[in-house]
Amino acid sequence: MARPRFHKTDPAKQAAILQAAAKEFAKVGYEGASVNRILEAAGLSKGGFYYYFDDKADLAATVLLWAYKDLFSIYDRIQIPDDPARFWDAIGGFTRESLAMLEQTPYANELISRLGHAFANDKDLAKRMLESIAAPMATLTALWRRGQEIGAVRSDLPVPVLISLVQSTKEALTRAFIPEGKVLSHDELDRFTRIHLDMVRRICAPAEEKPA
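Anyway, here's the lowdown on the structure attached to this text.

What counts, and at which threshold
- Residues numbered from 1 in each chain as written.
- Predicted model: local features only at pLDDT ≥ 70, side-chain atom pairs only at ≥ 80, totals over all residues.
- Heavy atoms only, no water.
- Helix = DSSP H or I, 4+ residues; strand = E, 2+ residues; numbered from the N terminus.
- Rg over C-alpha atoms; globule rule 2.2 N^0.38 Å.
- Contact = heavy atoms within 4.5 Å.
- Areas by Shrake-Rupley, 256 points an atom, 1.4 Å probe, with all protein chains shown as cover.
- Lys, Arg positive; Asp, Glu negative; His and termini not counted.
- Charge placed at Lys NZ, Arg CZ, Asp CG, Glu CD.
- Core = buried A, V, L, I, M, F, W, Y, C linked by side-chain atoms within 4.5 Å.
- Buried < 20%, exposed > 50% of the residue type's maximum accessible area, 1.4 Å probe, protein only.
- Polar contact = N/O pair within 3.5 Å; in protein donor to acceptor, adjacent residues only side chain to side chain.
- Arc of directions from axis to C-beta.
- Phe/Tyr/Trp six-rings, centres within 6.5 Å; stacked < 30°, edge-to-face > 60°.
- Lys NZ or Arg CZ within 6 Å of the ring centre and 35° of its normal.
- Salt bridge = Lys/Arg side-chain N within 4 Å of Asp/Glu carboxyl O.

When its secondary structure is counted, the chain shows twelve helices and zero strands. Each helix and strand of the chain, ordered N terminal to C terminal, gives the series α-α-α-α-α-α-α-α-α-α-α-α. Computed over the C-alpha atoms, the radius of gyration of the chain is 19 Å, within 12% of the 17 Å expected from 2.2 N^0.38 for a compact globule of 212 residues. Partitioning the intrachain contacts of the chain with sequence separation of at least 6 by distance along the chain shows that 70% fall at a separation of at least 24. When the accessible surface of the chain is split by element, carbon and sulfur atoms take 52% of a total near 11500 Å². Mean positive and mean negative side-chain charge positions of the chain (28 and 28 charges, respectively) differ by 3 Å.

Let's shift gears to the nonpolar core. Membership of the largest hydrophobic core comes to 44 residues, with the highest contact counts inside it found for Phe25, Leu59, Val63 and Leu115. Those elements that place two or more of their residues in this core are α2 (11–32), α3 (35–42), α4 (46–52), α5 (56–67), α8 (108–121), α9 (123–132) and α12 (186–204). With nine residues, α5 is the single largest residue contributor to this core. Setting aside chain neighbours within four positions, we find Leu59 in contact with Ile17, Ala21, Phe25, Ile38, Phe49 and Phe53. With 19 residues, the next largest nonpolar core counts Ile74, Trp88, Ile91 and Val153 among its residues.

On to the side chain of Arg114. By the secondary structure assignment, Arg114 is in helix α8. On the basis of relative accessibility, which here comes to 18%, the residue Arg114 falls in the buried class. Among the polar contacts listed, one links the side chain of Arg114 to the backbone oxygen of Lys27, at a separation of 3.1 Å.

Turning our eyes to something else, we now look at α3. Those residues of α3 not exposed but buried are Val35, Ile38, Leu39 and Ala42. When α3 is viewed along its axis, its buried side chains cluster within an angular range of 100 degrees and face the same direction. Exposed side of α3, more than 90 degrees from the buried face: Glu40 and Ala41 are the residues found there. Its buried side turned inward, α3 meets α2, α4 and α5. Positive backbone phi, at 70 degrees, marks Gly43, one or two positions downstream of α3.

Let us look at the packing of aromatic side chains. Inspection of every chain in the model, using the stated rule, returns ten aromatic pairs. Considering the side-chain rings of Phe25 and Tyr30, the 6.2 Å spacing of their centres and the 15 degrees angle between planes classify their relative orientation as stacked. Of the residues examined, Phe25 reaches a relative accessible area of 0% and is grouped as buried. Judged by its relative accessible area of 12%, Tyr30 falls in the buried class. With centroids separated by 5.1 Å and ring planes inclined at 85 degrees, the aromatic side chains of Phe87 and Trp88 adopt a geometry described as edge-to-face. Residue classification places Trp88 among the buried residues on the basis of a relative accessible area of 7%. An aromatic cluster of three or more residues is present, and its members are Phe6, Phe49, Tyr50, Tyr51, Tyr52 and Phe53. Sitting over the face of the ring of Tyr51, Arg5 holds its NZ or CZ atom 4.2 Å from the ring centroid. Geometry around Tyr30 places Lys56 over its ring, the cationic atom sitting 4.7 Å from the centre.

Scanning the model with the defined rule gives eight salt bridges in all. With a closest N to O distance of 2.6 Å, Glu24 and Arg37 form a salt bridge. Residue Glu24 is located in helix α2, and its partner Arg37 is located in helix α3; the two are separated by 13 residues in the primary sequence. What makes Glu24 buried here is its relative accessible area of 8%.

If you want it as structure tokens, here you go:
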């Protein structure tokens with residue numbers, strides 16, 4: 001993630017760097033992205049870059065978090081019903097709202113596709129991203145625990161295990177649906193999201209009891 005001094009600098013300068021980086025990552029992906037091209041587009045020196053970031057991976061994590069910032073802001077607004085039958089409807093509604101919000105972000109499909117592929121295949125990148133979203137992850141953990149309390153989420157596995165399984169499923173689907181260089185269309189992204197949500201429900205919902 002970006003060093004604290006990046007978040008203290010002029011907001012216009014922050015925006016110029018993030019927009020230049022987002023455009024570069026969206027166009028050519030993580031491996032193909034050139035820090036020099038980003039610096040030129042943002043009007044930033046190489047010394048300035050390393051003043052704010054450790055390396056390209058830190059920049060990529062910061063850009064992806066920036067693209068998701070509006071999505072994370074709705075986590076605290078999730079209303080979990082007490083009725084277990086309506087729990088997954090609420091999760092589905094949140095997922096659809098998240099997708100609609102992401103698509104309003106510049107280069108959203110390209111960023112999600114290309115950086116998503118990179119994060120799914122590079123454990124170091126994935127670790128940096130997870131470390132940067134501690135607060136949203138705490139909210140997500142509370143959501144799954146609430147699901148267990150009302151009987152909508154299986155309770156035979158700890159919540160951290162469920163979250164890990166869900167994340168691993170998303171990474172596997174990303175590798176299958178988004179090979180390097182591919183950008184999902186709106187319909188493909190919608191299908192990817194629906195399949196992922198279906199898999200999440202299959203993993204996390206309580207198993208149906210079989211008749212004796």
